[in-house]
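Each chain, letter by letter, is given below.
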Amino acid sequence: MKKYNKVFLLFLLVLFYSFGLAFSGIPEEFKDKINNLKWVAYTPTNFDPNRNSFPSEESIIADLNVLYKYGFRGIVTYGSDGILAQIPRLAKEAGFEGVIMGIWDIDEREEIMSAVLARDYVDGYCVGNEGLNFRYDLETLNNSIAEIKELTEKPVTTTEHLTDYSNDQVYNLGDWVFPNCHPFLSNVKEPKKAVAWIEKYFNRLNKHCQSDRVVIFKEVGFPTQGDHKASEAKQNEFFKAMEDMNVTFVYFEAFDQFWKNDTSVEPHWGLFTSKRRPKKFIASQ
């Protein structure tokens, strides 16, 4: 992948600020994609940020081809450093119609500019993920959202825990509302009850959404191991029930990620195993 030194990145930053125009509002085309595409949250296989180990381009292409084969047409990423910055291009070349690109470290200039340079393949950006008052503060996050909007002229938002959106300052961040929603982590572990729980919060947030903004839940999933209530059968039941609900959501997540270790279920959210084997829900499609 082509490398950009810090001086050149700074030059690009100045250039975009000088000639870019601030974006206002969400294009109807983007709204249509949010509401009509089948979205999946994607972290590559063969990736381990704890070891700074990145996948090859060939591995990412293989991931994307599997996801496309099973009907996904929108993809949500989490970071833009290294080879991850090439995912939007590779996704569009693989046939994906929608890409929401993530920026993980909002203080890292090289990651930000790598994301900006990918903008021709990006429909919207998500700046940060569950980092408020931990990895960054509200003012820094707000400024970062404004900067990415200025540099790319694309819709931009952020993601926090669902419960954080009871705070109007969080609710009003960005161009659309994009929370993570995990009933399993709130001890709602039966699939039908979990789906009802999600629908309740979706309707609550959507009720107060202004006409120029939309609500889509960024992470909606059900783990398949790591808890006696987790299984492939229950994940299958959960997603089949979700598909009958009037809730706009992103399937979480594409592949099992064994580097995740915050809780016992964290490595097991995948719709596919880390070897790209479809689990029960996907296999039944």
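Up top is the structure.
Let us look at the structure shown here. Keep in mind that this is a model prediction, so the values were computed, not measured.

So, about the state of the cysteines. Counted according to the given criterion, the structure contains zero disulfides. The closest cysteine sulfur to the non-disulfide-bonded Cys-126 is located on Cys-181, 15 Å from its own sulfur. The buried category is assigned to Cys-181, whose relative accessible area is 0%.

Let us now look at the environment of Gln-210. Here Gln-210 shows up in the loop between α8 (191-207) and β6 (217-220). Owing to a relative accessible area of 48%, Gln-210 belongs among the partly exposed residues under this scheme. Spatially, the C-alpha atoms of Gln-210 and Asn-172 are 9.7 Å apart, while their sequence positions differ by 38 residues.

The subject of this paragraph is unusual backbone geometry. With an omega dihedral of -10 degrees, the bond running from Phe-252 to Glu-253 counts as a cis peptide bond. Assignment of secondary structure puts Glu-253 in the loop between β7 (249-251) and α10 (280-283). The phi dihedral of Asn-52 is positive, around 55 degrees, even though this residue is not glycine. Tracing the chain through its elements places Asn-52 in the loop between β1 (39-41) and α3 (57-69). Classification of Asn-52 as exposed rests on a relative accessible area of 58%. A positive phi angle, close to 70 degrees, is found at Asn-187, a residue other than glycine. Among the secondary structure elements, Asn-187 is positioned in the loop between α7 (168-171) and α8.

Below, the discussion takes up the environment of Lys-189. Position of Lys-189 relative to the elements: it lies in the loop between α7 and α8. Overall, Lys-189 belongs to the buried group, its relative accessible area being 19%. Distance in space between the C-alpha atoms of Lys-189 and Pro-223 is 9.7 Å, their sequence separation being 34 residues. Beyond its immediate chain neighbours, meaning those up to four positions away, Lys-189 contacts Phe-184, Phe-222, Asp-227 and Lys-229. A polar contact of 2.9 Å, which involves the side chain of Lys-189, links it to the side chain of Asp-227.

What follows covers the sheet that holds strand β2 (residues 74-76). Spatial ordering of the open sheet is given by β5-β4-β3-β2-β1-β7-β6, a layout of seven strands whose pairing is parallel. Both edges of this open sheet fall to β5 (156-157) and β6, since each of them pairs with a single strand only. Sheet analysis places β1 next to β2, joined by three bridges and oriented parallel. Bridge pairing links Ala-41 to Val-76 in β2.

Rules used in this analysis
- Residues numbered from 1 in each chain as written.
- Predicted model: local features only at pLDDT ≥ 70, side-chain atom pairs only at ≥ 80, totals over all residues.
- Heavy atoms only, no water.
- Disulfide = S-S within 2.5 Å.
- Buried < 20%, exposed > 50% of the residue type's maximum accessible area, 1.4 Å probe, protein only.
- Helix = DSSP H or I, 4+ residues; strand = E, 2+ residues; numbered from the N terminus.
- Contact = heavy atoms within 4.5 Å.
- Polar contact = N/O pair within 3.5 Å; in protein donor to acceptor, adjacent residues only side chain to side chain.
- Pairing = 2+ DSSP bridges.

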